[in-house]
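What follows is the residue order along each chain.
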Amino acid sequence: MHIKSLADNLNIIRERISRAALRAGREPSAVRLVAVSKTHPVAMVDEAARNGQLLFGENYVQELMSKAAEVMAPVDWHFIGHLQSNKVKQITGLVSMIHSVDRFSLAQEIDRQWGKLGRSCDILVQVNIAREKTKSGAAADELFSLVREIARLSHVRIRGLMTMPPFFDDPEGARPYFRELKRLADKVSAQGIAGVAIEELSMGMSGDFEVAIEEGATLVRVGSALFGERDYR
Ligand SMILES: *Cc1c(COP(=O)(O)O)cnc(C)c1O
């Protein structure tokens, strides 16, 4: 069901990103749009790419693999969903960033697989600020020890943090969670851990990306506002 074309949606989202950044006294170019294409066909990825959108986020290993094999445009893939260690191998070398690293054993497997390629994988550590049982993510009080442990791996580079706040009808409800992620990021940075550069904050989705940008997001993960509603999350 399309009321507007994908090109229109892209322009609208880009405009909203710019305005939110400017409102917060930030450069619009400091915020990157991750187009979350999960459940949507390859044709939509291609169409978005033709309209200049080259960064995509996927949640499911199988779906990412089949899309990556079909899309011809030079797109960049980020893995944003819950990741099982035994599936890391399948996305090794295919994605340029993993947003959802929430435990050391997963980081170790990423290190092992990327190491075989002689490359490093950029990752974000996912934090479950509200400690919701249904969501992945390290607890805030485990974050610092987890970052220190991961920082010792030679083929994994911690680039920042990611969070998914609880759902609110009013996007303002998410603001304290975004603010908390920024505070945690500043705290990790202040520890000056070797090899850790906290430059990215992945936060904000279709319903709340503007609030996230006001609170410092550098990567916003937008799906339905761009591609339309999905049958499932
Ligand atoms: C599906 C998903 C999104 C996009 O959600 P929308 O509300 O459709 O924008 C963002 N981040 C993650 C981790 C997701 O699973």
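Residues numbered from 1 in each chain as written. Predicted model: local features only at pLDDT ≥ 70, side-chain atom pairs only at ≥ 80, totals over all residues. Heavy atoms only, no water.

Colleague: Sorry, what's going on with the overall build of the chain here?
Modeller: Of the regular secondary structure elements, the chain holds nine helices and eight strands. Since a compact globule built from 233 residues should have a radius of gyration of about 17 Å, the 17 Å found for the chain is in line with a globular shape. Projected onto its principal axes, the C-alpha coordinates of the chain cover approximately 50 × 40 × 35 Å. In the chain, buried positions account for 50% of the 233 residues. Restricting to contacts in the chain with at least 6 residues of sequence separation, those with at least 24 account for 59%. Here the chain has roughly 10900 Å² of accessible surface; of this, 50% comes from carbon and sulfur atoms. (Helix = DSSP H or I, 4+ residues; strand = E, 2+ residues; numbered from the N terminus. Rg over C-alpha atoms; globule rule 2.2 N^0.38 Å. Buried < 20%, exposed > 50% of the residue type's maximum accessible area, 1.4 Å probe, protein only. Contact = heavy atoms within 4.5 Å. Areas by Shrake-Rupley, 256 points an atom, 1.4 Å probe, with all protein chains shown as cover.)

Colleague: So what exactly am I meant to see when it comes to the site of the ligand here?
Modeller: Lining the immediate surroundings of the ligand are Val 36, Lys 38, Asn 59, Ile 80, Met 164, Met 205, Ser 206, Arg 221, Val 222, Gly 223, Ser 224 and Arg 230. Here Ser 206 contributes a side-chain N or O atom positioned 2.5 Å from an oxygen atom of the ligand. A distance of 2.8 Å separates an oxygen atom of the ligand from a polar backbone atom of Gly 223. Within the complex, the protein chains bury 94% of what would otherwise be the 390 Å² of accessible surface of the ligand. Classifying every residue of the shell around the ligand gives five nonpolar, four polar and three charged. (Near = heavy atom within 4 Å. Polar contact = N/O pair within 3.5 Å; in protein donor to acceptor, adjacent residues only side chain to side chain. Nonpolar A, V, L, I, M, F, W, Y, C, P; charged D, E, K, R; others polar.)

Colleague: Is there a simple way to think about the pattern of salt bridges in this case?
Modeller: A side chain with one charge can pair with a side chain of the opposite charge if their charged atoms come near. For the structure shown, the criterion picks out 20 salt bridges. A salt bridge links Arg 175 to Glu 172, with the shortest nitrogen-to-oxygen separation between them at 2.7 Å. Residue classification places Glu 172 among the partly exposed residues on the basis of a relative accessible area of 39%. Among the ionic pairs, Lys 182 bridges to Asp 186, the shortest N-O distance being 3.2 Å. Residue Lys 182 and its partner Asp 186 are both found in helix 7 (residues 175–190); the two are separated by four residues, about one turn of the helix. Under the relative-accessibility criterion, Lys 182 is labelled partly exposed at 34%. Here the salt bridges share partners, and the residues they tie into one network are Arg 23, Glu 172, Arg 175, Arg 179, Glu 214 and Glu 215. (Salt bridge = Lys/Arg side-chain N within 4 Å of Asp/Glu carboxyl O.)

Colleague: Explanation requested: the packing of aromatic side chains in the structure shown.
Modeller: The geometry of an aromatic ring pair comes down to the distance between the two centres and the angle between the two planes. The tally for this structure, following the rule as stated, stands at two aromatic pairs. Geometrically, the ring pair formed by Phe 56 and Trp 77 is tilted, given 5.8 Å between the ring centres and 45° between the ring planes. Here Phe 56, found in strand 2 (residues 55–58), pairs with Trp 77, found in strand 3 (residues 76–79); they are 21 residues apart in sequence, far enough to count as distant. We note that Phe 56, like Trp 77, is buried. Seen in terms of ring centroids, Phe 168 and Tyr 177 are 5.9 Å apart; in terms of plane orientation they differ by 35°. Their pairing is tilted. (Phe/Tyr/Trp six-rings, centres within 6.5 Å; stacked < 30°, edge-to-face > 60°.)

Colleague: In this structure, what is going on with the packing of helix 1 (residues 6–23) against helix 2 (residues 42–50)? I would like to understand it.
Modeller: Packed helix pairs are characterised by how far apart their axes lie and by the angle those axes make with each other. Here helix 1 crosses helix 2 at 55°, and the two axes come no closer than 10 Å. As far as their axial angle goes, helix 2 and helix 1 are oblique. Here the hand of the crossing between helix 1 and helix 2 comes out right-handed. Residue-level inspection shows Leu 6, Ala 7 and Leu 10 of helix 1 in contact with helix 2, the latter providing Met 44, Glu 47 and Ala 48. The residue inventory of the contact of helix 1 with helix 2, partitioned by class, reads five nonpolar, no polar and one charged. (Axes fitted to C-alpha atoms, helices over the stretch in contact; angles between N-to-C directions. Parallel < 35°, antiparallel > 145°, perpendicular 65-115°, else oblique. Left-handed = near helix turned anticlockwise from the far one by under 90°.)

Colleague: Would you take a moment to explain the nonpolar core for this structure?
Modeller: Across soluble globular proteins, nonpolar side chains have a tendency to be buried as a group. Membership of the largest hydrophobic core comes to 65 residues, with the highest contact counts inside it found for Ile 98, Ile 110, Ile 123 and Ile 150. Examining the composition of this core, we find that six residues originate from one element, helix 1, more than from any other. Setting aside chain neighbours within four positions, we find Ile 98 in contact with Phe 79, Leu 83, Ile 91, Ile 110, Trp 114, Cys 121, Asp 122, Ile 123 and Leu 124. Formed by six residues, the second largest nonpolar core is a distinct cluster that contains Val 34, Leu 55, Leu 124 and Leu 219. (Core = buried A, V, L, I, M, F, W, Y, C linked by side-chain atoms within 4.5 Å.)

In short, geometric facts, not functional conclusions.
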